[in-house]
Amino acid sequence: MIELDGTGTEPPHGDDLAGAFGGNVRRRREAAGLTLEQLSTRSSVSRAMLSKVERGEKSPTIGVASRIAHALDASLSDLIGGPNAAGSGVAVTMRKKDRPVFRDPETGFERHMVSAAPGVGGGEMVVHYLPAQVSTGLLPAYPPGTEKQLVVLAGTLTVAIGGISEILDTGDSLFFQADADHGFANRTNAPCEYLMVISRRT
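Since we're looking at a predicted model, the values are computed, not measured.

> Just checking my understanding: could you explain the pairing of strand β5 (residues 123–130) for this structure?
The side chains of a regular strand alternate between the sheet's two faces. Summarising burial for β5: seven of the eight residues are buried, a large majority. The pairing of strand β4 (residues 110–113) with β5 spans four bridges and is antiparallel. Of the residues in β5, the one forming a bridge with Arg-111 is His-128. Bridging between β5 and strand β12 (residues 192–200) involves eight bridges; their strand directions are antiparallel. Along β12, the bridge assignment pairs His-128 with Tyr-194.

> Can you help me understand helix α3 (residues 47–54) in this one?
Buried within α3 are the following residues: Leu-50, Ser-51, Val-53 and Glu-54. Take α3 and look down its axis: the buried residues cluster within an arc of 160 degrees, on one side only. Directly after α3, the chain includes Gly-56, whose backbone phi takes a positive value near 75 degrees.

> Which parts of the structure should I look at to understand the pairing of β12?
Bridge count for strand β7 (residues 146–154) against β12 is eight bridges, and the pairing is antiparallel. Within the sheet, the bridge partner assigned to Val-152 lies in β12 and is Tyr-194.

> Where do I start with helix α4 (residues 62–71) in this structure?
Because each turn of an α-helix spans 3.6 residues, side chains separated by three or four positions end up pointing in the same direction. Burial runs high along α4: eight of the ten residues are buried. Buried residues of α4: Ile-62, Gly-63, Val-64, Ala-65, Ser-66, Ile-68, Ala-69 and Ala-71, and no others. Phi turns positive one or two residues past the end of α4, at Asp-73, with a value near 55 degrees.

> Help me understand the packing of helix α2 (residues 36–43) against α3, please; the structure alone is not making it clear to me.
The geometry of a pair of packed helices is captured by two quantities: the angle between their axes and the separation between those axes. For the pair α2 and α3, interaxial distance at closest approach is 9 Å and the crossing angle is 110 degrees. With respect to α3, the element α2 is oriented roughly perpendicular. Viewed along their axes, α2 and α3 form a crossing whose handedness is right-handed. Contacts between α2 and α3 involve Leu-36, Glu-37, Leu-39, Ser-40 and Ser-43 from the former and Arg-47, Leu-50, Ser-51 and Glu-54 from the latter. Looking at the contact of α2 with α3 residue by residue, the classes come out as three nonpolar, three polar and three charged.

> Is there a simple way to explain the packing of aromatic side chains in this structure?
One pair of aromatic rings is described through two measures. These are the centre distance and the angle between the planes. In total, this model carries three aromatic pairs according to the counting rule given. Seen in terms of ring centroids, Phe-21 and Phe-102 are 6.4 Å apart; in terms of plane orientation they differ by 55 degrees. Their pairing is tilted. Highlighted residues: Phe-21 in helix α1 (residues 18–31) and Phe-102 in strand β3 (residues 101–103), separated in sequence by 81 residues. Accessibility classification places Phe-21 together with Phe-102 in one group, the buried group. One aromatic cluster is present, built from ring pairs that chain together Phe-176, Phe-184 and Tyr-194.

How each quantity is defined
Residues numbered from 1 in each chain as written. Predicted model: local features only at pLDDT ≥ 70, side-chain atom pairs only at ≥ 80, totals over all residues. Heavy atoms only, no water. Buried < 20%, exposed > 50% of the residue type's maximum accessible area, 1.4 Å probe, protein only. Helix = DSSP H or I, 4+ residues; strand = E, 2+ residues; numbered from the N terminus. Pairing = 2+ DSSP bridges. Arc of directions from axis to C-beta. Axes fitted to C-alpha atoms, helices over the stretch in contact; angles between N-to-C directions. Parallel < 35°, antiparallel > 145°, perpendicular 65-115°, else oblique. Left-handed = near helix turned anticlockwise from the far one by under 90°. Contact = heavy atoms within 4.5 Å. Nonpolar A, V, L, I, M, F, W, Y, C, P; charged D, E, K, R; others polar. Phe/Tyr/Trp six-rings, centres within 6.5 Å; stacked < 30°, edge-to-face > 60°.

Okay, structure coming up:
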């Protein structure tokens, strides 16, 4: 796994967040007045899987988690939970150890929220880790007005957007409108790490 700070410290795993993720899904669903059956229909995720996720018994893959988030009109970061940030006034600090991390239990894909104050200014930053030969699969389209920008920090990344494929090497960057299905893949034998900024126009 590639490290952000080069210290050799393994990035925190997201397994501990399964319960928090499930609790946030349940609260969002209940606040929206949806039954498990209705959320299942909206998200194309089985009722059994949703029930296990809500109870914290099952960590969803990135594809399942994204479909649940979109069905609840929430961001993935909303369901993962906000960072344990500290600060006041014009500065907010989040330490690396406090990052909320989502980890795909099947592939080892990791999504690290690195925004100390996500949502401020209509955007957030995340770092993605893709192990060798791992793909997120196609993720659902975001609402119109959502934009993504990314830069590859290490490795080679293949980005699929609405039938178009772009191969990015270390240092390459990309901007795209995220209102179409899109996915990220590492088709090499070395890990890949990239920083992404998600912006939502209101």
